[in-house]
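Breakdown of the fold
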Amino acid sequence: MGCGGGVCRRGVPVNQPRTPIIVVLGSINMDLIGAAPRLPSPGETVLGGDFYTAPGGKGANQAVAAALQGASVSMIGRVGSDAFGPQLLDNLRACGVDVSGVMQDADAPSGVAMILLDESRQNRILVASGANMRCDDAQVDAAASALHEADALMLQCEIPAAVSLSAARIARERGVRVVWDPAPADAFPPEAYALVDVLTPNQAEAAALTGIDVTDAASAEAAARALLDRGVRAAVVKMGEAGAFYLSDEGSGYVPPFEVQAVDTVAAGDAFGAAMTYALAEGRPLSEAVRHGAAAGALAVTRPGAQDAMPTRTEVETLLA
């Protein structure tokens, strides 16, 4: 499971001039993943194929992905005191993530994500949040402590919005870059737009937030512009096999997709966001950072699972080369 055995199986890059420091506040889940030729209609039973469990949660996925890029990562969140909780924490530690800011909740189970994959390896996900939705001021305080000297704060929408907003305000006050993945989009708080340095919706999330159907680079640009009009400083619209589009006051651009053989698309967006954030924390321009993120996302779809699928910095740079 995961990185396993106390040593991350793919290692963490070293010998960097300065190690970027990234704080991730978000969800930690155990993923229950099942594959089938097609997804069932309401009331229908479909005989499936493979089933496996893997550590997940958008927050934890991003933490592992950032650590594998070479960042110093602190994870902030909650797990349950059930059987999954210790497994999830052990895996994060094995991947080089600091989990001192993760609380074990005695009154709630760990979060679980039930993921269905169809024949084309597209996913449908149902999340039972468990301890994730019990994050509170204790996690805000842990994030505040971890944000000292941090380069970036990564957020998603799988914990209470008030907790993420409080952490984002602290980051803003301290000049720490805020990267927010608005997934699920219906949980993204409108007050957050003004606090976000980089918003990273996928096509469906961009459409849900803006009302603009994103089908190509032109519609992605329109959606990104609408997001900037609401106060975000940069928007990166992830379009999967159609590439990615980015827009900020400093410019815009389209990054075409990398040609890879997809195994499943679970957590590809998390790989993208974490690798992009890492590159930004290194001081690279948004155009380079988005391309770095797109390469990481492409590599992630070539492997099954979530955290197991995250590529190293060396693998990303090899693909880019």
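Rules used in this analysis
- Residues numbered from 1 in each chain as written.
- Predicted model: local features only at pLDDT ≥ 70, side-chain atom pairs only at ≥ 80, totals over all residues.
- Heavy atoms only, no water.
- 1 Å grid on protein atoms, 1.4 Å probe; cavity = no way out; pocket = protein on both sides within 12 Å on 5 of 7 lines; lining within 4 Å.
- Points joined across faces, edges and corners; volume = space filled by probe spheres on them.
- Helix = DSSP H or I, 4+ residues; strand = E, 2+ residues; numbered from the N terminus.
- Nonpolar A, V, L, I, M, F, W, Y, C, P; charged D, E, K, R; others polar.
- Contact = heavy atoms within 4.5 Å.
- Axes fitted to C-alpha atoms, helices over the stretch in contact; angles between N-to-C directions.
- Parallel < 35°, antiparallel > 145°, perpendicular 65-115°, else oblique.
- Left-handed = near helix turned anticlockwise from the far one by under 90°.
- Buried < 20%, exposed > 50% of the residue type's maximum accessible area, 1.4 Å probe, protein only.
- Pairing = 2+ DSSP bridges.
- Right-handed = clockwise from strand over helix to strand, strands pointing away.

Take the layout of surface pockets next. The volume enclosed by the largest pocket comes to roughly 1400 Å³. Considering the residues around the largest pocket, the lining is formed by 47 residues, among which N123, N202, T265, A268 and G269 are closest to the centre. Counting only elements with at least two residues in the lining of the largest pocket, the list comes to β2 (29-35), α1 (58-69), β6 (111-117), β7 (123-128), α5 (203-210), α7 (268-281) and α8 (286-300). Residue classes in the lining of the largest pocket are distributed as 24 nonpolar, 13 polar and 10 charged. Considering only enclosed or pocket space, the second largest pocket measures out at about 320 Å³ in volume.

This paragraph deals with the side chain of S164. Tracing the sequence through the fold places S164 in helix α4 (residues 161-173). Contacts of S164, omitting those with residues within four sequence positions, involve L25, L155, Q156, I159 and W180.

Turning next to the packing of α5 against helix α6 (residues 217-229). Between α5 and α6, the shortest axis-to-axis distance is 10 Å and the interhelical angle comes to 50°. Classified by the interaxial angle, the pair formed by α5 and α6 is oblique. Crossing of α5 over α6 shows left-handed handedness. Note on element contacts: α6 touches α5 through A223, A226 and L227, opposite A206, L209 and T210.

What follows is about the pairing of strand β8 (residues 152-155). Because side chains alternate across β8, one face comprises the buried residues A152 and M154, and the other comprises L153 and L155, equally buried. In the sheet, strand β1 (residues 21-25) pairs with β8 via four bridges, with the strands oriented parallel. Counterpart to V24 in the pairing with β8 is M154. Two elements, β8 and strand β9 (residues 177-180), share four bridges in a ladder whose sense is parallel. Residue A152 lies in a different strand from β9, and its bridge partner there is R177. Between the parallel pair β8 and β9, the chain is carried across by α4, and the sense of this crossover is right-handed.

The analysis is restricted to geometry; functional conclusions fall outside its scope.
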